[in-house]
Each structure stands twice: as structure tokens, then as C-alpha cells.
Amino acid sequence: MALLERHRDLATVKHFDPFRLDTTNHCLWRGDERVTLTPKAFDLLRYLVEHADRLVTHDEILEALWPDTYVNHEVVKKYILGIRKVLGDRPDQPQFIRTFPKRGYQFVAATTDGQPTTGSAADPTTPFIERRAARAQIEACLKRALLGTRQVVFVTGEAGVGKTTFVDMFVRRAGLMPQVQIVRGQCVEGFGGQEAYYPVLEAIDQLLRRSDDERIVQMLAARAPTWLLQFPSLVKAGQHAALQRETLGATRERMVREFCEMLEAIAADRLLILVLEDLHWADLATLDVVSTFARRREPVRVLLLGTQRPAAGASNSTLSRLRQDLSIHGLCQQIPLETFELAEVSEYLGREFDHAGFAPSLSSVIHRHAGGNALFVSALVRDLVANGTVVHDDGEWKLTAPVQSIAPGVPPSLQDMLNVQFDQLTSVEQRMLRAASVIGERFPAWMIAADAGELEDVEGVCEQLAERRLFIRPTGITELADGTMSAHYEFHHALYRQAIYGRLSDVARSRFHLAAAARLEALYGPRPLALTAELAAHFEKAHEYERAIQSLMLAAANAARRFAVRDSLDVLQHAMSLVPRVPSPRRTPLEIQILERIGDAHYALGAMVESALAYETESALASRAGLITARVQAQSCLARPLGLLDPDRAIAVLREAADVSLAAEDPVVQARVALLAAGTRLLYDGWDANDARVCETAEQVIPASGDTATPGFDRMLYAHVQALQGDASAALNAAERGLPRSNEATGVLVHLFALSAQILALLQLGRFGDALRVVRASQDLAQKNGSDQWLFLYREAWLRTLVMDFAGAQRVCQTLLQSSVYPTGQAKTIGQLAAGFQALGEGAHDRARQCFEDVSDPAQTPKFFLHWYWRVHALVGATRVWLQAGDLARARSAAGYLTRAALATADPNLRALAWETTAQVAIAGTDWPSAEHAIETALEELTRRDTPMSAWQIHATASDLYRRTGRREASAAHHDRALEHLEALVHSFEPDEPLRQALVDAAPVRRLRQEWIEMEL
Ligand SMILES: Nc1ncnc2c1ncn2[C@@H]1O[C@H](COP(=O)(O)OP(=O)(O)OP(=O)(O)O)[C@@H](O)[C@H]1O
Ligand SMILES: [Mg+2]
């Protein structure tokens, strides 16, 4: 069953010799043997054991076990009788349960706590044949694991050969050793590829349920937050947002690595055996875990034990390749299990029939027919007893027919034998088993009961079948979401289930699958996240393709939640393959939804070309179908990867989308796309006051998202626009609201853009230290996640140019140029600009001018995000080169270009800088009126908006001008202001931050401080 259903309780094992009460698996063990108890009897025993310190009254029992129904005291008595029978207890000399007449009972045996062994599947009542060679092999592995060498072991062999039984027996023995922990994960047929990490999550779930302290949860929070997040109920209220942030944009690589580290931490003080059953059905993410774990080098006491059938199948061939590869490198052991030899079958029969004389001759018949397959052997033996060929009479086993006459009657295959058995059942029993076969190897009774009222009947029928050892056996009980207790059962073996399932007609199969889906939905509501893969499988087999596709899309989102984006792509491709089976008029909307998710997933993986292709197909499809809103949406998505690949196309696509949206008659849709289109033009093409107004108007139409909802991508784009027109505080506010709490593919995008806007706003506000902290934290996170850090490297380069650490900026840009697979205009530009300013500082005018000219030349550096911003800075540089070189005429003309370019933007920093540079040119030419005009205009820019980033430079030049023109007081005042602004920038950094020193050491800053000393003197 899916994870959701496994409720968390403080399950442990209680030992009371010679029994073990396993409350995790809801079963009672006597030594190696599982003792059958009805669910209620189990609960009663458990209640008594858990309150062994005192008398438990009749009323208390009724209250605890039958809270909502009236039950007679006699019923309790009956259950106690049953329990005593099982325990072999006598009321007159009680070893376990003492009766206090008319009052109640007390459990009197000494109990100790332990841990559950396993959710074992083997039937304890059949004999066990030792596989000596295999046992020696696995015990050798166990020894190596105990010494700290990680072990990965694959037990392989055909269906029914005895893998599970072998592993169970090993694990049971190992479980008797002190300080050994065992967890199991079961791969489920049909879940592979749809439920990423299914068996691994199951194993962790067991660990969590078993530990009654906070230790494991804390360890997960510290070492494996991506996994803790998969168990929302364990995450404390205040912790959730932080965890989400910590794990945003995480990748499969990170998740897998964290899992390995978690195992290493858990196994630090005790050996851990992790059993992964039926790996041939594993999802690719789980195989990744196995592969990565096997390849790590750290010493750790873990034994990872997987079972695998060699049959064909996609993930199976991946697994076979993985196994071979690990084996070649000596990183795993393989234990192949063979079919039983004749001698082993003989031993089996000897044990089963107390060494009766007929056993040896009967064994050769059975060995021949079963081909030595353990499953078939055990089934045949069971059948011989069931049909009366072998009987227990007078304390001994007897054959009722001569061996020679048995042979012809033996069914030629297991399937035939099961068919015969099945046909002999009552129609109610048959119906029940048919419905169960649709659910899986293990099934809860409630899934086949039409409603709560029928549950008891179903359990009754199942209980009877189990008692006769036909097809199924009980495995425990669980509490459902609505509080009902329901028993669980399992087929003796997967082939038993298949025998029944295979016989269902297509119509019956559909009907049962649909009923199963309906039961799931009835209990968990229409969108139970953890059950989506299961639901999808039921719908698909019920030929309900539309609902299957809906569930698959949710399953894909679920995979993305586990950072298994590649797996989510597989699920989406599968959903796509089902589309042709949906009636044609309903296909297109589904296809559109799937394509958009495929585009999102590719984008999250950084595959921009594939992402663009998916969105483009989506858009074309919507266009053909005349679906306006869908088309606009697809185009809005398409513009995102295009922004990186080809900004001009992004702009064109959004322009088209804006035109198309006019037909939508939905003002919000229109406003969103208008904002995107105008905002993209502003950021990628050039500043335009008109577009800025369009953004502002559109933003007012889009409903403001409340505190809980994360604002959309368009809002984050607009935050950049705001930051660049002097509304940096508003931009910062918006960006911080956009730091999202969800980690789905699209969420990552909004988050990235929110961080980008946040950093930009902080830079514009002169909060350099804060900007640096966000950059560093984001870089750390990206590194942890194994995702590309490009965005944050860009922002770091930007910050370094602002603090005049030009060498550092060039280093960062170099890294970007070497690592990026996408257009690198931005890295080239910032690098060139920094090189130019560095050359200028060194007096290398020609080199500096060349750099600045390259940046300004659109042929050298094509369009990219905010290219115009850097080109204005290049013009500042070019003007200063001429100024320093003493070529006033060219300096003046460069200043003219600069002012025109800067005034075409709305960025007060750029505008003020342009005027300030113009003032410097005028000062050099002793053109005092022009200088004064320019500096006054620059100062005016400062008063209109917050411009802490560049204010110090303006005041410094103002001070210089007034000093030269003899206005000492004004000069001193501006000098003070310049220093004030500069100090604020410097102090925004931590005291020992190297970038702070870079700013302090920069030539213009040193000069300003020097002047101060001179003025004081
Ligand atoms: N060593 C053994 N001794 C006695 N009986 C065995 C042994 N191994 C297997 N069996 C019998 O064969 C049945 C099937 O074995 P088991 O479930 O272990 O096979 P498997 O290899 O795990 O099959 P699958 O590939 O389908 O999972 C068991 O239920 C048991 O009855
Ligand atoms: Mg098995």
C-alpha cells in the first residue's frame, strides 16, 4: 500500500519468552514462526502487554477496543480464551494472562522492548531448506559489513526460486544479533518510473516509525532535509518554510547523496541491513541510490541486500547493467539461487511429512513436475494435502494412493493447479479473490469491501481462506484515515495473484480496477498525493484514460517534489502515450497540459532547447484548436527559455502573445501578458518610458496575491523593472514575497527570479553586504544541489564591479565563460568592462578604450539580459579614458553619448553618474558654468529617488568642483556627505569581508579619504 496509509505509531517489539509481539507488522512470533491471531485478538493482547504493569478492567478493554459499538463482556472472554490457546497459557496457572474474576485481566509475564525483525513474507509453517553455499556467501558479506566495508549484495534467480525466503531467513538470523537494525523496502510492479524512490521511502518510513526519540528526525533535518521533507507530518510547524527554502531547486544527485549520508549516520553505531525486494520493478531513482551507495568509499557498516528476477523489462535491463558494472569493479556480490536438487525436495518432503516412508519416492515425482522450483514444490505439497492424497491420520502422515497413480494427476503447471483450487471455492470467495488480485500482492480488506458495512464480511471470508491456507494469509491491521480498523492480507506468492488476475476478462478487470480507484478516492478524497501512481494504474487498466492522465500529471508533480525531475519526465511521456486513447475532442486540452509540464521539467533540468520545443508545440497545438488563453499561456512560458537562447525571439513571441490575448476578453490574462511583453522588452531590449508605463498599469490590474500565495513570474519580472527605475525598496519587498514555499518545477523559476530581483534591489539600495550574503547563500545551495550557479555568479561579478574589485569580477566572468553552454554575452561584457576599468586605473588608455568600445558595440556583444545597463557603464568608462588622456574634445563628445544613453533609461544611478561624468569633463576644461549645471542636475537626480549606490561619487565631484571655485563651505559639506554615503556602503559588509577591503582600497575611495585628511589639515 502507499505510504500515506501507514500511520505513525510508536511501534516496537515486545519480547516475552518465547514470544515476540511485533506491533509494526501486527503479528506475533513464536521463535521463527508466525502465530496466527485475528486482528481483534492481536489488539487485545497488545493492549494487555502495553499495560502489563496493572490490572486492565473489562470496561477499559471495551472502551479501548470497541469504542463505538456495544459489545458484551462475554466477547472479551472469548478473545482471551483464543489468546490463551495460542500462547499455551492456562488460567489456573497463568504464565501470561492472569484473570481477576469479575474485574479484568493483567499481563503478568516479564516483557522487554526490542525492534521488529522484518515485514517478512515467508510462510513460517512450511519447512525451510537450507541453501548452504548461498548462506556461507552472505554470512561472509555480513562479516565484512560488520568490519566497516560497505556491502551490496544481489540475490538473483527465477520467480519462485526462493529469493525472498532465503533473504528472510538470513535477516531473521541476523536480527538475533545485538545491535543490528533491519529495514525493508518493497518495489511494486507497475510503480517503477511512477513512484520515484518508492522502496527507499518505505524503508525510511520504517526507521522513522521505529525510533521513538527525536534523534532520527533531527539527523534527517541536519543531513538529509530533502528526505525529511517527504514526511510532512514529522516536520514541525515553524520548520517547514526553512526546510523548503533549504531544499529549493534540489536535484536528484543531492537527494541520492543525502540518502547515502543518512545511511552512514544511522549505521554509525549499529550495523544496518537494508533489504530492497524485487529490484526488477524498481524505479530509476531507486537504482541510482543503489549505484551511488555502492560506489562511495567511506567505511560504513551497511549491508544493502537486493533481490532480482532475471526477467526482461526496461528498468530490469538498467539494473542488470548496473549489477554487471558494479560486479566488474568488485563493488557488489551476487548470489544466484538455483532450483532445488532432488535431494533438497526429498529433504523438504521429509520435513513436511515427519519423514514418512513415502516421502523419497514422492519427491522424485514432485521434483520432476515442479522442475525444482521451490514455489511449485511447496504449492504441490500443499495441494496434495488439500485434496486428500496425503492425510494426517492417527498421528502420522499417509499416502492414500500409490505414487505411480499420483503422477498423471499432477497439474502440469502451477497455474493449472491454482485454477483447480480456485474453481473449488465458493462464488463469494472467488469474487473476493478476484477483486483482491486487482489490487496487488498485498491488499487491505477495506479496498475490496464496497463500504464500511461490508468490511466485516470481507474480513470473515479472507480469514477463512487464510485459515485453510488457500491463496492468502493475514499480515496485520491498520487504522484508516476515518478511524476504521482494517485487516491486511497477502497472496502466498505473486504468482498466486497473477493466476487469478490473468483469468479475469477484460470487462471484469476494468470493473474491478474502477471499483478499487473509487475506494481509494472515497477514503482519501479525489487527490491523494501519495496514491496518485496507484490511482493512475487503476484508471489506466480500467480504460479510464482521461482520469489516468490526470493522476499521472499529479504523480509527475509528486516526483518533482522528490527532486526526481527526470522521473517526472518519464511519467509525463507515459501520460502522453495515453492521449490517443481519449476520445478525440478531449485530447487537445490534455496534451496542452502535459506539454507545459514537460517544458517546465526540461527548464528545471536546464535543458533550454528541449524546454522551448515543448512550449512551442504546446503553443502550436493551442493555436490550431483556437484556445486563446492556452496559447497565450504557452507563449508566455516559451519566452522564458528563449530569453536565454534568443532574446529577440522571446520579445517577438511575447508581442504576438499580447496581440492574441486581446481576443481573450479576460483583463487579467491580458494584463499579465502585457506586463511580460513590456517587461521583457525593458530588460532585454532597451529602456522605453512607454513600456514602463504599460508595466505599471498592468501590475495594477493583476490581483495582488495574499500572504500565502506566491506571486507569479510576471511579478518577479516587474520587480527587476522597479529596481531599475529607482523603486528599489518596492522591488525588494516584492522580491522577498516571491521567495516561494513550493518546490515544483515552475516554483524554482519564480524563486530564481525572486532571488535575482532581490539581489538587484539590494545592490541598488547600496546594501552590498546583504546582497553578498544572498549571493553566497544561493551559491552554497546551488552547489549542494549540484545545480548550475550561473545566475549567482553573474550577480557576484556585478557586485565586484561596483566595489571596484575589477580583477575579481574578471575572474568570476572567466569561470562563467568556461562553464556555460548557453550564450555568454553577459559574462563577456561584464568581464570586458571590469578589464577596461582596471586598465584605466593602470593608465593603459588604449587597452581600456578597446574594452569599452567592445562593450558598446552590439556586433561584439549581442543582446542579453540588461545589456543596455552595461553599455551605459562602458560609456562612462570611455569618457573617463579621454579625460585621463587629456583629449578634452573627445571626452566631451563621449560625455554627450553617455548622457543621451543614460537619460534614455529611468535608472537614477545611471542618470546621476552620467551628469557627474559630464561635470568632470567640464571641470577639466575649466568650464565652470557647465560643470555647475551638470553637478546640480546630478544632485537633483539623487533627491528624486533613493540612490545610495552612486551618491558618494556625485558628492565627491561636487566637493571637488566647489573647492576649485572657492566655495569652501559647500565643498566641505559635500565631502562629508560623500564620506557618509561611502561609510554606509563599507559598513554594509562584515568587518572581515575581503570585498569591504577592496572597496576601501579602491583608488577613488582612497583619494576621497586623502582629501579629507588634507582638508582637516
Ligand atoms: N529454502 C526454502 N525452503 C523451503 N521452501 C522454500 C524455500 N525457498 C522457497 N520456498 C518456497 O517457495 C515459495 C516461493 O519462494 P519465494 O517467495 O522466496 O520465491 P522468490 O524467489 O522470492 O520469488 P519471486 O521472484 O516471485 O519473488 C515460498 O513461499 C516457499 O513456500
Ligand atoms: Mg520474492
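Here the residue numbers are simple positions, counted from 1 along each chain's written sequence. Ligands are numbered from 1 and chains lettered from A, in the order in which they are written. Local features in this predicted model are restricted to residues of pLDDT 70 or higher, and side-chain atom pairs are both shown and tallied only at a pLDDT of 80 or more, whereas totals for entire chains, interfaces and linings draw on every residue. Only hydrogens and water are set aside; all other atoms, that is, all heavy atoms of the structure, feed into the side-chain values.

(A) Just the overall build of the chain, in detail. Here a helix means four or more residues in a row that DSSP labels H or I, a strand means two or more in a row labelled E, and each is numbered from the N terminus. Along its length, the chain carries 47 helices and 18 strands. Accessibility here uses a 1.4 Å probe with only protein chains present; expressed as a share of the type maximum, an area under 20% marks a residue as buried, one over 50% as exposed, and anything in between as partly exposed. The proportion of buried residues among the 1017 residues of the chain is 57%. Two residues qualify as a contact provided that any one of their heavy atoms is within 4.5 Å of a heavy atom in the partner residue. Here the contacts in the chain between residues at least 6 apart in sequence split such that 67% fall between residues at least 24 apart. Surface exposure of the chain reaches about 42,200 Å², of which carbon and sulfur atoms provide 51%. Of the side chains in the chain, 108 bear a positive and 126 a negative charge, and the two mean positions are spaced by 2 Å. Here, Shrake-Rupley sampling with a 1.4 Å probe gives the accessible areas, and only protein chains in the shown set may cover a residue. Positive residues here are Lys and Arg, negative ones are Asp and Glu, while His and the chain termini are left out of the count. A charged residue contributes its charge at one atom only: NZ of Lys, CZ of Arg, CG of Asp or CD of Glu.

(B) Summary view of helix H36 (residues 790-802). For H36, with 13 residues, the first-to-last C-alpha span of 19 Å sits near the 18 Å given by 1.5 Å per residue. Burial analysis of H36 places 12 of its 13 residues in the buried class, which makes it a mostly covered element. For H36, every residue scored as buried is listed here: Leu-791, Phe-792, Leu-793, Tyr-794, Arg-795, Glu-796, Ala-797, Trp-798, Leu-799, Arg-800, Thr-801 and Leu-802. With its phi angle positive at about 65°, Met-804 sits one or two positions after the end of H36. Multiplying one less than the number of residues by 1.5 Å gives the expected span of a helix.

(C) How the structure looks around the site of ligand 1. Throughout, the term near means that a residue has one or more heavy atoms lying within 4 Å of the molecule or strand in question. Ligand 1 sits among 19 residues. The nearest are Lys-163, Thr-164, Thr-165, Arg-309 and His-493. Residues adjacent in sequence count toward polar contacts only when both atoms are side-chain atoms; beyond that, a polar contact is any pair of N or O atoms within 3.5 Å, and within protein one must be able to donate a hydrogen and the other to accept it. Ala-374 places a main-chain nitrogen or oxygen 3.4 Å from an oxygen atom of ligand 1. Within the contact set of ligand 1, an oxygen atom lies 2.8 Å away from a side-chain nitrogen or oxygen of His-493. For ligand 1, whose accessible area on its own is 620 Å², the fraction buried by protein is 95%. For the shell around ligand 1, the secondary-structure elements that each account for two or more residues are helix H5 (163-175) and helix H15 (374-386). Charged residues are taken to be Asp, Glu, Lys and Arg, nonpolar residues to be Ala, Val, Leu, Ile, Met, Phe, Trp, Tyr, Cys and Pro, and polar residues to be all remaining types, Gly included. Of the residues contributing to the shell around ligand 1, the split by class is nine nonpolar, six polar and four charged.

(D) Representation of the sheet that holds strand E17 (residues 472-479). DSSP-based pairing: two strands are paired if at least 2 bridges between them are found. Strand order in the open sheet formed by three strands is E16-E18-E17, with antiparallel pairing between adjacent strands. The open sheet has two free edges, formed respectively by strand E16 (442-444) and E17, since each of these has just one partner strand. Geometrically, the sheet is characterised by an average inter-axis angle of 25° between neighbouring strands, direction not taken into account. As judged from the seven bridges shared by E17 and strand E18 (residues 485-491), these two strands associate in the antiparallel manner. Among the inter-strand pairings, Ile-477 is bridged to a residue of E18, identified as Ala-487. Fitted lines through C-alpha atoms serve as axes, helices being fitted only where they are in contact, and the angles separating the N-to-C directions of these axes extend from 0 to 180 degrees.

(E) Representation of the pattern of salt bridges within the structure. Criterion for a salt bridge: a side-chain nitrogen of Lys or Arg within 4 Å of a carboxyl oxygen of Asp or Glu. Counting across every chain of the model gives 49 salt bridges. Between Arg-468 and Glu-429 there is a salt bridge, and its shortest N-O distance comes to 2.8 Å. Placement of Arg-468 in the loop between helix H20 (452-467) and E17 and of Glu-429 in helix H18 (residues 427-439) is noted, with a sequence separation of 39 residues between them. Assessed through its relative accessible area of 44%, Arg-468 is described here as partly exposed. Using a relative accessible area of 6% as the deciding quantity, one classes Glu-429 as buried. Here Arg-442 ties to Glu-490 by a salt bridge, and the two come within 2.9 Å at their closest N and O atoms.

(F) Examining unusual backbone geometry more closely. Here the bond from Asp-17 into Pro-18 is cis, since omega is -5°, no more than 30 degrees from zero. By secondary structure assignment, the location of Pro-18 is in the loop between strand E1 (13-16) and strand E2 (19-22). Non-glycine residue His-543 carries a positive phi angle of around 60°. Here His-543 shows up in the loop between helix H23 (532-541) and helix H24 (545-561). Non-glycine residue Thr-926 carries a positive phi angle of around 45°. Among the structural elements, Thr-926 can be located in the loop between helix H42 (908-924) and helix H43 (928-944).

(G) Examining helix H40 (residues 867-885) more closely. Helix length check: H40 (19 residues) gives 27 Å between terminal C-alpha atoms against 27 Å at 1.5 Å per residue, within 8%. Of all 19 residues making up H40, 17 are buried, and the element is well covered by its neighbours. At the C-terminal side of H40, Gly-886 shows a positive phi close to 80°.

(H) Examining the pairing of strand E7 (residues 104-107) more closely. By the alternation rule, side chains of E7 split into Gly-104 and Gln-106 and Tyr-105 and Phe-107, which are all buried. Relative to E7, strand E5 (residues 56-57) runs antiparallel, the two sharing two bridges. Paired with Thr-57 across the bridge in E7 is Gly-104. Relative to E7, strand E6 (residues 97-100) runs antiparallel, the two being bridged by four bridges. If you follow Ile-97 over to E7, its bridge partner there is Phe-107.

(I) Structural context of the side chain of Lys-14. Relative to the helices and strands, Lys-14 is located in strand E1. Excluding residues that lie within four positions of it along the chain, Lys-14 makes contacts with Phe-19, Arg-20, Leu-21, Val-49, Glu-50, Thr-112 and Asp-113.

(J) View of the environment of Val-872. Here Val-872 is to be found in helix H40. Classification of Val-872 by relative accessible area gives buried; the value is 4%. Once the C-alpha coordinates of Val-872 and Tyr-794 are considered, the two residues, 78 residues apart in sequence, prove to be 18 Å apart. In contact with Val-872, not counting residues within four places along its chain, are Leu-898, Ala-901, Ala-902, Thr-905 and Leu-910.

(K) Structural detail: the packing of H36 against helix H37 (residues 806-819). Here H36 crosses H37 at 160°, and the two axes come no closer than 8 Å. Taken together, the axis directions place H36 and H37 in an arrangement best described as roughly antiparallel. Two packed elements cross with a definite hand, and for H36 against H37 that hand is left-handed. Residue-level inspection shows Trp-790, Leu-793, Tyr-794, Glu-796, Ala-797, Arg-800 and Thr-801 of H36 in contact with H37, the latter providing Phe-806, Gly-808, Ala-809, Arg-811, Val-812, Cys-813 and Leu-816. Among the residues forming the contact of H36 with H37, the class breakdown is nine nonpolar, two polar and three charged. By the definition adopted for this analysis, an angle is roughly parallel if under 35 degrees, roughly antiparallel if over 145, roughly perpendicular if from 65 to 115, and oblique otherwise. Should the near helix be turned anticlockwise from the far one by less than a right angle, the crossing is left-handed, and should it be turned clockwise, the crossing is right-handed.

(L) Inspection of the sheet that holds E7 at higher detail. The three strands are arranged E5-E7-E6 in an open sheet whose pairing can be described as antiparallel. Edge strands, defined here as strands with exactly one partner in the open sheet, are E5 and E6. Contacting E6 and E7, helix H3 (residues 73-87) crosses the sheet at an angle of about 150° to E6.

(M) Geometry of the environment of Val-345. Within the fold, Val-345 resides in helix H13 (residues 342-352). Judged by relative accessible area, Val-345 falls into the buried class, the value being 0%. Taking the C-alpha atoms as reference points, Val-345 and Leu-840, separated by 495 residues in sequence, lie 91 Å from one another. Among all residues touching Val-345, those that are not within four sequence positions of it are Phe-340, Ser-363, Ile-366, His-367 and Val-377.

(N) Expanded view of the confidence of the model for the chain. Predictor confidence is given residue by residue as pLDDT, running from a minimum of 0 to a maximum of 100. Mean pLDDT for the chain: 87, with 92% of residues reaching 70 or above. With pLDDT under 50 throughout, residues 116-124 is counted as low confidence; its partners more than four residues away or in other chains account for 35 contacts. Between residues 742-746, whose pLDDT stays under 50, and residues either more than four places distant or in other chains, the model counts 16 contacts.

(O) Spatial organisation of the environment of Gln-464. Tracing the chain through its elements places Gln-464 in helix H20. Residue classification places Gln-464 among the partly exposed positions, given a relative accessible area of 48%. Residues Gln-464 and Pro-91, spaced 373 residues apart in sequence, show a C-alpha to C-alpha distance of 28 Å.

(P) Highlighting the nonpolar core. The criterion is simple. A nonpolar core is a set of buried Ala, Val, Leu, Ile, Met, Phe, Trp, Tyr and Cys residues joined through side-chain atoms within 4.5 Å. If you look at the biggest cluster of nonpolar residues, it comprises 111 residues, and the most contacted ones within it are Phe-768 and Tyr-869. Looking at this core, the element that brings in the most residues is helix H34 (residues 745-764), giving 10 residues. Those residues in contact with Phe-768 that lie beyond four places of it in its chain are Leu-762, Leu-763, Leu-799, Leu-802, Val-803, Met-949, Leu-985, Ser-988 and Phe-989. Formed by 99 residues, the second largest nonpolar core is a distinct cluster that contains Leu-433, Ala-445, Tyr-496 and Ala-499.

(Q) Focus on the packing of helix H30 (residues 667-685) against helix H32 (residues 713-723). Between H30 and H32, the shortest axis-to-axis distance is 9 Å and the interhelical angle comes to 35°. As H30 runs across H32, the sense of the crossing is left-handed. Residue-level inspection shows Arg-672, Leu-675, Leu-676, Gly-679, Thr-680, Leu-682 and Leu-683 of H30 in contact with H32, the latter providing Phe-713, Asp-714, Arg-715, Leu-717, Tyr-718, His-720 and Val-721. Here the residues of the contact of H30 with H32 are counted per class, giving eight nonpolar, three polar and three charged.

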